[in-house]
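# What the coordinates show
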Amino acid sequence: MPTRTRAPRRRRNLAPVAFVAPFLLLFLLTFAVPIGYAVHQSVMDVEYTGPLGLGGSRTVFVGLSNYSHALSDDAFLRSIGRVLLFAVVQVPVMVALAAGLALLLDSASARGVRFFRAAYFLPYGVPGVIASILWGFLYVPGVSPLVDGMRHLGVSVDLLGGNTVLWSIANIVIWEFAGYNVLVLVAQLRTIPAELYEAARIDGASAWTTVRYVKLPLLRPALVLTTVFTIIGTLQLFAEPLVLRPVSSSIDTAYTPNLSAYNEAFTNDNYHLAAAEAVLLALAAFVLSFGFLRLINKRGGDA
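Here goes a summary of the coordinates provided. In this text, all values refer to a predicted model and were calculated from it rather than measured experimentally. Chains are numbered independently. Their residues run from 1 in the order of the written sequence. The predicted nature of this model means local features are confined to residues of pLDDT at least 70 and side-chain atom pairs, given and counted, to a pLDDT of 80 or more, with totals for whole chains, interfaces and linings taken over all residues. Think of the side-chain values as coming from all heavy atoms in the structure, minus any hydrogens and water.

### Notes on the overall build of the protein chain
When its secondary structure is counted, the protein chain shows 12 helices and 2 strands. Mapped in sequence order, the helices and strands of the protein chain form the string α-β-β-α-α-α-α-α-α-α-α-α-α-α. It is over C-alpha atoms that the radius of gyration is taken, and the globule rule equals 2.2 Å times the number of residues to the power 0.38. Since a compact globule built from 303 residues should have a radius of gyration of about 19 Å, the 25 Å found for the protein chain marks it as more spread out than a globular shape. Working definition: with a 1.4 Å probe on protein chains only, accessible area under 20% of the residue-type maximum means buried, over 50% means exposed, and in between means partly exposed. Across the 303 residues that make up the protein chain, the buried fraction comes to 33%. Considering only residue pairs separated by 6 or more positions, the protein chain has 66% of its internal contacts joining residues 24 or more positions apart. Using a 1.4 Å probe, the Shrake-Rupley method yields the accessible areas, and only the shown protein chains count as cover for residues. Carbon and sulfur atoms make up 67% of the accessible area of the protein chain, which amounts to about 18,500 Å² in all. If you average the places of the 22 positive and of the 17 negative side-chain charges in the protein chain, the two averages end up 19 Å apart. We count a stretch as a helix when DSSP gives it H or I for four or more residues in a row; a strand needs E for two or more, and each element gets its number in order from the N terminus. Working rule for contacts: check all heavy atoms of both residues, and any pair within 4.5 Å makes them a contact. All tallies of charge rest on Lys and Arg as positive and Asp and Glu as negative; His and the ends of each chain are not included. By convention, charge coordinates are those of NZ in Lys, CZ in Arg, CG in Asp, or CD in Glu.

The following block contains the structure:
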C-alpha cells in the first residue's frame, strides 16, 4: 500500500514542474543565457601580441575597463542624454494620447468602434524599418507632400535637421505604438463592471466626472503597464534613427545607445565594448522602469 500511494503522489508533485518547464527553458535560452553571455563579453577584451600586433591575439579578462571606456566616451554619453530627453517628452505624450483614444473608444456615444480600433492598431503591424522608410519619404524635402504643403503656407521647416529630427523620430514611434497601448487600455476598460457606471449615473455624475472618478482610477494598472513598456521601448530606440541616418546628416553612428553598440560591434569590430554599452543600457532600463514602479506604488500607498 505505501508503494502504491507514493507513486501517484510523486506524479502529482511533478505535474507543476512539467507545466512550468517549457517556460523556464525558453526563459533560460532567450533571456538569462544571452544576458549572462553579454555580461561575460563585457568584462573581456582582445589582446594582441608581437610586433605591431602580428603575433596573434587572445581574449583576456579586463574587469570594468570596457564600462569605463564607454562612460568616458562623450558620444556615448550624449546618446544617453538624447534618449533620456526623448523619453521625458515621448513617454507622457504616448501614454496620454493612448489613454485619450481609449476613453473615446469606450465612451457610450462612440460610433464605428471596431473600425477605429483596427485603424489604431494597424500601424503596430507595420515593421519599424518599413514605418521609418515610409515616414522618411514624408520628411525629405522635394519628395514630401508635407514639407511642400508647409512651404506653400509660408512655413519653412527641416524635419531632418539637428533641432527637429529627434521629434520627427518621436512622431514615428508614437504612430507605431500608440495603437497597441490603446488596445491594452481598452481591454482594461472593458473589465469595469457596468454597475459602477449605473451607480455614477444615478448619483448624477457627468461624463467627465465618471471618467475622472471611475474610469481613470480603475485604469491605473493598465496605465502603469503601458508606461513601463514605453519607457523600456524608448531606451531601446534603434530602427528609426538607423533607417533615417542616410537622409539626415544630424544622425551619427552614436545617435542612440543602441546605435552606438551596433556600430561598435559591426563597424569597429569591438564586440566587448558593444556588450558593455548594451549592459549599461539594460541597467538604465531596469533602474528607470523599477524606479517608476516604486514611485507609483509609494504614491498608491500614501493615498
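### What to know about the packing of helix 7 (residues 165–190) against helix 9 (residues 207–235)
Their axes nearest at 9 Å, the elements helix 7 and helix 9 cross at an angle of 150 degrees. Between helix 7 and helix 9, the crossing angle belongs to the class labelled roughly antiparallel. Relative to helix 9, the crossing made by helix 7 is right-handed. Across the interface between the two elements, Y180, N181, V184, L185, Q188 and L189 of helix 7 pack against K215, L218, L219, A222, L223, L225, T226, F229 and T230 of helix 9. Residues are grouped as follows: Ala, Val, Leu, Ile, Met, Phe, Trp, Tyr, Cys and Pro are nonpolar; Asp, Glu, Lys and Arg are charged; all remaining types, including Gly, are polar. Within the contact of helix 7 with helix 9, the residues separate by chemical class into 10 nonpolar, 4 polar and 1 charged. Angular values range over 0 to 180 degrees, each being the angle between N-to-C directions of two axes fitted as lines to C-alpha atoms, with helices fitted over their stretch in contact. Here is the rule for angles: anything less than 35 degrees is roughly parallel, anything more than 145 is roughly antiparallel, 65 through 115 is roughly perpendicular, and the remaining ranges are oblique. Put simply, a crossing is left-handed when the front helix is turned counterclockwise from the back one by less than a right angle, and right-handed when it is turned clockwise.

### Re the packing of aromatic side chains
Under the pairing criterion, centres of Phe, Tyr and Trp rings, with the six-membered ring standing for Trp, must be within 6.5 Å; the plane angle then separates stacked pairs below 30 degrees from edge-to-face pairs above 60, leaving the rest tilted. Applying the stated criterion to the full structure yields 13 aromatic pairs. Between Y262 and F266, the ring centres sit 5.2 Å apart and the planes meet at 50 degrees, which makes this aromatic pair tilted. Note that Y262 and F266 are positioned in helix 11 (residues 257–266) at a spacing of 4 residues, about one turn of the helix. On the basis of relative accessible area, F266 is assigned to the exposed category, the value being 56%. Three or more aromatic residues joined by ring pairs form one cluster here, namely F121, Y124, F177 and Y180. In our convention, an over-ring charge means Lys NZ or Arg CZ found within 6 Å of a ring centre and within 35 degrees of that ring's normal. Stacked on the ring of Y255, the Lys or Arg R82 has its end atom at 4.3 Å from the ring centre.

### So, the side chain of N263
With respect to the element layout, N263 can be found in helix 11. The exposure class of N263 is buried, given its relative accessible area of 13%.

### So, the side chain of S260
Relative to the helices and strands, S260 is located in helix 11. Nitrogen and oxygen atoms within 3.5 Å of one another constitute a polar contact, given that in protein one can donate a hydrogen and the other can accept it, and given that sequence-neighbouring residues count only through two side-chain atoms. Looking at S260, its side chain comes within polar contact range of the side chain of E277, at 3.0 Å. Sequence-distant contacts of S260, defined by excluding residues within four places in its chain, comprise F76, T253, A254 and E277.

### Brief notes about the environment of T256
Positionally, T256 belongs in the loop between helix 10 (239–244) and helix 11. With a relative accessible area of 1%, T256 lands in the buried category. Residues T256 and R58 lie 198 residues apart in sequence; the distance between their C-alpha atoms is 30 Å. Not counting chain neighbours up to four residues away, the residues in contact with T256 comprise S79, V83, L237 and P241.

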